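Working through the structure, step by step
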Amino acid sequence: MPNSILRQFSAHGVQVNNLVIPGRSIESVLSRHALNLVINNDDELFKVSLVGSATAVRFQGREILLTTQHQLRNFDPRQVAMLTDSGSHIITSGGVRGYGPHPDTDAYDIAAFDFTEPCADRPEFKKRFFDLLSGPPDVLNAQVLGLLLSGYPTIDQEYDVHENNHLGLARRNVVCQPYSQPSDQALLTVQAVQPLEVHPDGMSGGSAFVIQLESGHPRAYFAGLIVRGGKTTFQILKAGYVIAFLNSVFAEE
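My aim in this report is to walk through the structure given alongside it, one point at a time. (Residues numbered from 1 in each chain as written. Predicted model: local features only at pLDDT ≥ 70, side-chain atom pairs only at ≥ 80, totals over all residues. Heavy atoms only, no water.)

1. Concerning the overall build of the chain
Convention followed: Each helix is a run of DSSP H or I of at least 4 residues and each strand a run of E of at least 2, with the numbering of both proceeding from the N terminus. For the radius of gyration, the atoms used are the C-alpha atoms, and the globule rule reads 2.2 Å times the number of residues raised to 0.38. To sort residues, take the accessible area from a 1.4 Å probe on protein chains only and compare it with the maximum for the residue type: under 20% means buried, over 50% means exposed, and anything in between is partly exposed. Throughout, a contact is declared for two residues whenever any of their heavy atoms are within 4.5 Å. All accessible-area figures derive from a Shrake-Rupley calculation using a 1.4 Å probe, and residue coverage is judged against the displayed protein chains alone.
The secondary structure content of the chain amounts to four helices and 18 strands. Relative to the globule expectation of 18 Å for 253 residues, the C-alpha radius of gyration of the chain, 18 Å, shows essentially globular dimensions. With the C-alpha coordinates aligned to their principal axes, the bounding extent of the chain is approximately 55 × 45 × 35 Å. Looking at the chain residue by residue over its 253 residues, the buried ones come to 48%. The contacts in the chain between residues at least 6 apart in sequence include a share of 65% that link residues at least 24 apart. For the chain, the exposed surface amounts to about 12,200 Å²; the carbon and sulfur share of it is 48%.

Next up, the structure:
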């Protein structure tokens, strides 16, 4: 984070769910829940495609990978996968849930991949998932210390599998402040504290966390899912709409 933001946390712990995280560590702790969105190709040479970003949450006992539906165009959603830490294995999900298309709001531009069963066999995956217990309570903008957006811009990724069998996955963190409420009530527009030099294409599906003051102490919450962004502003699907979606698609199971 920029120094001006870091200074607000460095001398204090930030509460995340029921844990207090040292301020100097909060960026790495929150950003680790943003993952590269991987597609299994069933190809010996080009084994995977990298198609943007995703966010890993644990919700009501399920390990779920969230992303935006528009990233999945031209791809088979049954092939959405996660790589093991070593990169030697590709693990596909146990099923996908999503809304039908809706032209009037981005509230429907979301898909959930259930990795609960694969995670039972791969304990190393557990740390990737954020315990999504609730969305952030409403506070005045003056109480918002900052938002941390994390994702994997396409331009930052190194795809060198043909000659060296190497993937260089690079996550980018962008510190933002609240900016405006667009006409679509499902979204929130936030502004980068430092404008980006390169367009962050590929960050859709990445995570947004907010750190805000409550009773004088900083607390962090899942704020939503990145749905689009540019060099100066991003739009995120608010946490309340993400939680409503998860309750809807997993309600009968």
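2. Section: the environment of aspartate 184
Along the chain, the position of aspartate 184 falls in the loop between β14 (172-180) and β15 (187-192). Residue aspartate 184 is classed as buried on the basis of its relative accessible area, which comes to 15%. When the C-alpha atoms of aspartate 184 and alanine 107 are compared, they prove to be 8.5 Å apart, with 77 residues separating the residues in sequence. Those residues within four positions of aspartate 184 in sequence are excluded, and the remaining contacts are Asp104, Thr105, Asp106 and Ala107.

3. Some points on the environment of leucine 147
You can see leucine 147 is positioned in strand β11 (residues 144-151). Residue classification places leucine 147 among the buried positions, given a relative accessible area of 4%. Distance in space between the C-alpha atoms of leucine 147 and valine 174 is 8.2 Å, their sequence separation being 27 residues. Contact partners of leucine 147, with chain neighbours within four places excluded, come to Val174, Val175, Cys176, Gln177, Pro178, Val190, Phe209, Val210, Ala223 and Ile236.

4. Quick look at the packing of aromatic side chains
Our working definition: Side-chain rings of Phe, Tyr and Trp (the six-membered ring for Trp) are treated as a pair once their centres are within 6.5 Å; stacked means planes under 30 degrees apart, edge-to-face means over 60, and tilted covers the remaining angles.
Applying the stated criterion across every chain, the model contains four aromatic pairs. Plain terms: the ring middles of tyrosine 99 and tyrosine 108 are 4.6 Å apart, the flat faces sit at 55° to each other, and that makes the pair tilted. Relative to phenylalanine 222, the ring of phenylalanine 209 has its centre 5.9 Å away and its plane inclined at 75°; by these criteria the two rings are edge-to-face. Here phenylalanine 209, found in strand β16 (residues 207-214), pairs with phenylalanine 222, found in strand β17 (residues 217-229); they are 13 residues apart in sequence, far enough to count as distant. In this structure phenylalanine 209 comes out as buried when scored by relative accessible area, which is 1%. Look at phenylalanine 222 and you get buried, because its relative accessible area is 1%. Each member of the aromatic cluster is reached from another via a ring pair, and the members are Tyr99, Tyr108 and Phe245.

5. So, the side chain of glutamine 157
Note the following rule: Pairing of N or O atoms within 3.5 Å defines a polar contact, subject to two protein rules: one partner must be a possible hydrogen donor and the other a possible acceptor, and residues neighboring in sequence count only if both atoms are side-chain atoms.
Looking at the element boundaries, glutamine 157 is found in the loop between β11 and β12 (158-160). Residue glutamine 157 is classed as buried on the basis of its relative accessible area of 15%. In this structure the side chain of glutamine 157 is engaged in a polar contact, spanning 2.9 Å, whose partner is the backbone oxygen of proline 153. Here glutamine 157 is in contact with Asn36, Leu50, Tyr152, Gly168, Leu169 and Ala170, once residues within four sequence places are set aside.

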